[in-house]
Amino acid sequence: MRVLYITAELYPWVKSGGLGDVAAALPPALIDEGIDVRLLLPGFAGFLDAFPGITDIARLATPFAGERVRVGLARLPGTERLAYLVDHPVFYDRPGSPYASPDGSDWPDNHRRFGLFGWIAAELARGADPSWRPDILHGHPAEGRIPTLFTVHNLAYRGPFPVAVFPELALPSEFFSIDGVEFFGMVSFIKAGLFYSDRLTTVSPSYAREIQTPAFGWGLDGLLRARAGVLTGILNGVDTRVWDPRHDAVLPRPYEAETAVAGKEAAKAVLQRRLGLEPIEAAPLFGGVSRLTPQKGLDLVLGVLPDLVAGGGQLALLGAGDGDLEHAFTAAAERHRGRVGVTIGYDESLAHLIYAGSDVVLVPSRFEPCGLTQLYALRYGALPLVRRVGGLADTVVDASATNLADGVATGFAFDDDHPSALMSALGRAGALFREWEIWQRMVRRAMTRDFGWAAAARQYAAVYRSLRPDLMR
């Protein structure tokens, strides 16, 4: 079975969030399931500069450019995996993120940039590469005459455009309707993916249920309820080639579940020095690696920070995003020197160190489709403290009295979107941190939970085979 996996991001070359991590880890796991997977990527400089030996596959006429658009094929460095690239520098060779200029504003022609990207996916589905034609398009999103699967990573990012851009997409006029790409008088790419794709998946079972409700559906809950029969929630996984404390070169002392005490103590000491925190081994160290956005609930952390510090805790935070939140956390680090360390931006090595050196990792999200942060935390023996939503609810077992007695607790969870609820969970974590034997049992249990990609790949393969039963092995 041949699957064209369509993504705008791929770690480590182009990444703005978890999509890049998933695109790096899921296709190899699918290959292990016997699926022939190739990627389709935009021709961002981060890809073109890193991928050697790009060969021409086709030069295609499209409605988005006067000249023909080059489609190349390359091997991902260090692997045998193949990726097509849409090499159109006018659209993709730009500074900033994949979607926005350096000042953070969306590129005004994003509808054309990603319209072309989807168009090329459809051309490949129609046989633009005579030597390899996909049986299924797995997009984020994609649409074509062969069976299509659309995976929702975060419904909050809906990609709406003014109605005036519709003629530029070269689509039939009847597509602009409630049974098409129209969404409250605008053009929505994600609405198109949800409406036209044969199967839908999202990145956790709980999120699949949540997005069918007005509270989490962003106006698309009615469509999602109507299509509930083809919607499946499949948990993301951890790429253990990248996230494994046993073989992590960033750590001062690699460790596994049975040697976590010594390994985490060494990482904690290095982390405290790096962020200017007081070298207090007995202080519970709360970590955070996050985009600083309202979704992630970091304003709740600001609301409880004085109490966290007064209770003897420390905070190590790495993140970037909302300017007000960046300023507020920077100011908090100044007020609480030695207790709060903040790095604005993203640093992959520091992220690894925070997961290893923290006792607890904070993920107080208002909504969370899956979340990779808590999965990395579990892997590194940092107990996640989460709001009970989406994938957080599916992956973290709260340290309630019953769960502790049953030996299944792996973290802490709270429900209400309010600082007092977060503070209550922090209090429970702080009290349990002083119960050394119980705490270490939870750490060992957390580290032995299996959230690798193999299980997810088997579920995606089952969805593919439901779309093409004629190709079932």
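Further up the page is the structure itself.
The notes below deal with the structure included here.

Criteria and cut-off values
- Residues numbered from 1 in each chain as written.
- Predicted model: local features only at pLDDT ≥ 70, side-chain atom pairs only at ≥ 80, totals over all residues.
- Heavy atoms only, no water.
- Helix = DSSP H or I, 4+ residues; strand = E, 2+ residues; numbered from the N terminus.
- Rg over C-alpha atoms; globule rule 2.2 N^0.38 Å.
- Buried < 20%, exposed > 50% of the residue type's maximum accessible area, 1.4 Å probe, protein only.
- 1 Å grid on protein atoms, 1.4 Å probe; cavity = no way out; pocket = protein on both sides within 12 Å on 5 of 7 lines; lining within 4 Å.
- Points joined across faces, edges and corners; volume = space filled by probe spheres on them.
- Nonpolar A, V, L, I, M, F, W, Y, C, P; charged D, E, K, R; others polar.
- Salt bridge = Lys/Arg side-chain N within 4 Å of Asp/Glu carboxyl O.
- Pairing = 2+ DSSP bridges.
- Axes fitted to C-alpha atoms, helices over the stretch in contact; angles between N-to-C directions.
- Phe/Tyr/Trp six-rings, centres within 6.5 Å; stacked < 30°, edge-to-face > 60°.
- Lys NZ or Arg CZ within 6 Å of the ring centre and 35° of its normal.
- Contact = heavy atoms within 4.5 Å.
- Expected span 1.5 Å × (residues − 1).
- Arc of directions from axis to C-beta.
- Parallel < 35°, antiparallel > 145°, perpendicular 65-115°, else oblique.
- Left-handed = near helix turned anticlockwise from the far one by under 90°.

The helix and strand tally for the protein stands at 17 helices and 18 strands. For a compact globule of 473 residues, the expected C-alpha radius of gyration is about 23 Å, and the protein comes in at 23 Å, within 12% of that figure. Its C-alpha atoms put the protein at 65 × 45 × 40 Å along the principal axes. For the protein, buried positions account for 57% of its 473 residues.

This part is about the layout of surface pockets. There is about 260 Å³ of room inside the second largest pocket. Lining the second largest pocket are 16 residues, with Glu-265, Asp-359, Phe-433, Trp-436 and Gln-440 sitting closest to its centre. Take the lining of the second largest pocket: its biggest share by element is 5 residues, from helix 8 (residues 260–274). Residue classes in the lining of the second largest pocket are distributed as 7 nonpolar, 3 polar and 6 charged.

The subject of this paragraph is the pattern of salt bridges. Considering all chains together, one arrives at 24 salt bridges under this definition. Asp-221 is the partner of Arg-225 in a salt bridge, and the nearest nitrogen-oxygen pair spans 2.8 Å. Here Asp-221 and Arg-225 lie together in helix 7 (residues 221–226), a separation of 4 residues that amounts to about one turn.

What follows concerns the sheet that holds strand 6 (residues 136–139). The pairing of strands in a sheet happens through backbone hydrogen bonds and is either parallel or antiparallel. As summarised here, the arrangement of the 9 strands in space is 3-4-5-2-1-6-7-11-12, forming an open sheet in which the pairing is mixed. Taken across any chain shown, the strands that pair with only one partner, and hence form the sheet edges, are strand 3 (55–60) and strand 12 (231–233). Averaged over neighbouring strand pairs, the angle between their axes works out to 25° when direction is ignored. The pairing of strand 3 with strand 4 (residues 69–75) spans 5 bridges and is antiparallel. Counted as the bridge partner of Leu-60 is Val-69 from strand 4.

Within the structure shown, the criterion is met by 22 aromatic pairs. A centroid spacing of 6.4 Å and a plane angle of 80° characterise the contact between Phe-114 and Phe-117, whose relative ring orientation is edge-to-face. On the criterion of helical spacing, the pair formed by Phe-114 and Phe-117 is a turn pair, its members being 3 residues apart in helix 4 (residues 110–125). Looking at Phe-117, the relative accessible area reads 6%, which means it is buried. Aromatic rings pair up to connect Trp-13, Phe-44, Phe-47, Phe-51, Phe-91 and Tyr-92 into one cluster. Over the aromatic face of Trp-107 sits the side chain of Arg-94, whose NZ or CZ is 4.8 Å from the ring centroid.

With that settled, the discussion passes to the environment of Lys-296. Examined against the element boundaries, Lys-296 turns out to sit in the loop between strand 13 (285–292) and helix 9 (298–310). With relative accessibility at 12%, the residue Lys-296 sits in the buried group. Look past the residues within four positions of Lys-296 in its chain and what remains in contact with it is Ser-290, Arg-291, Pro-364, Ser-365 and Glu-368.

To continue, consider helix 16 (residues 436–447). With 12 residues, helix 16 ought to run about 16 Å at 1.5 Å a step, and its terminal C-alpha atoms sit 17 Å apart, in line with that. Those residues of helix 16 that sit buried are Trp-439, Gln-440, Met-442, Val-443, Ala-446 and Met-447. An end-on view of helix 16 places all buried positions within 155° of arc, on one side of the element.

The final tally for this structure, using the stated rule, is 1 cavity of 30 Å³ or more. Around the largest cavity, the lining residues are Tyr-11, Asp-21, Val-22, Ala-24, Gly-237, Asp-239, Val-242, Trp-243, Leu-372, Tyr-376 and Trp-453. At 3 residues, the largest contribution of residues to the lining of the largest cavity is made by helix 1 (residues 18–32). Of the residues assigned to the lining of the largest cavity, the class counts are 8 nonpolar, 1 polar and 2 charged.

Here the focus is helix 15 (residues 419–433). Since there are 3.6 residues in each turn of an α-helix, residues three or four apart along the chain are aligned in direction. Along its 15 residues, helix 15 runs 21 Å from first to last C-alpha, staying within 8% of the 21 Å computed at 1.5 Å per residue. Taken as a whole, helix 15 has its buried residues at Ala-421, Leu-422, Ala-425, Leu-426, Ala-429, Gly-430, Leu-432 and Phe-433.

All right, on to the side chain of His-111 then. Tracing the backbone shows His-111 in helix 4. Not counting residues within four places of it along the chain, the set of residues in contact with His-111 comprises Phe-161, Val-165, Glu-168, Leu-169 and Phe-189.

Regular strands show a simple pattern: their side chains alternate between the two faces of the sheet. Here strand 11 (residues 199–202) shows two buried faces, one formed by Arg-199 and Thr-201 and the other by Leu-200 and Thr-202. For strand 7 (residues 148–152) and strand 11, the ladder comprises 4 bridges, and the chain directions are parallel. Residue pairing in the sheet places Phe-150 in a bridge with Leu-200 of strand 11.

For the rest of this paragraph, the subject is the packing of helix 9 against helix 15. Following both chains from N to C, one finds helix 9 and helix 15 inclined at 45°, their axes separated by 9 Å at the closest point. As the angle between them shows, helix 9 and helix 15 are arranged oblique. The two elements helix 9 and helix 15 meet at a crossing, and its hand is right-handed. On helix 15, the residues that touch Leu-300, Val-301, Val-304, Asp-307 and Leu-308 of helix 9 are Pro-419, Leu-422, Met-423 and Leu-426.

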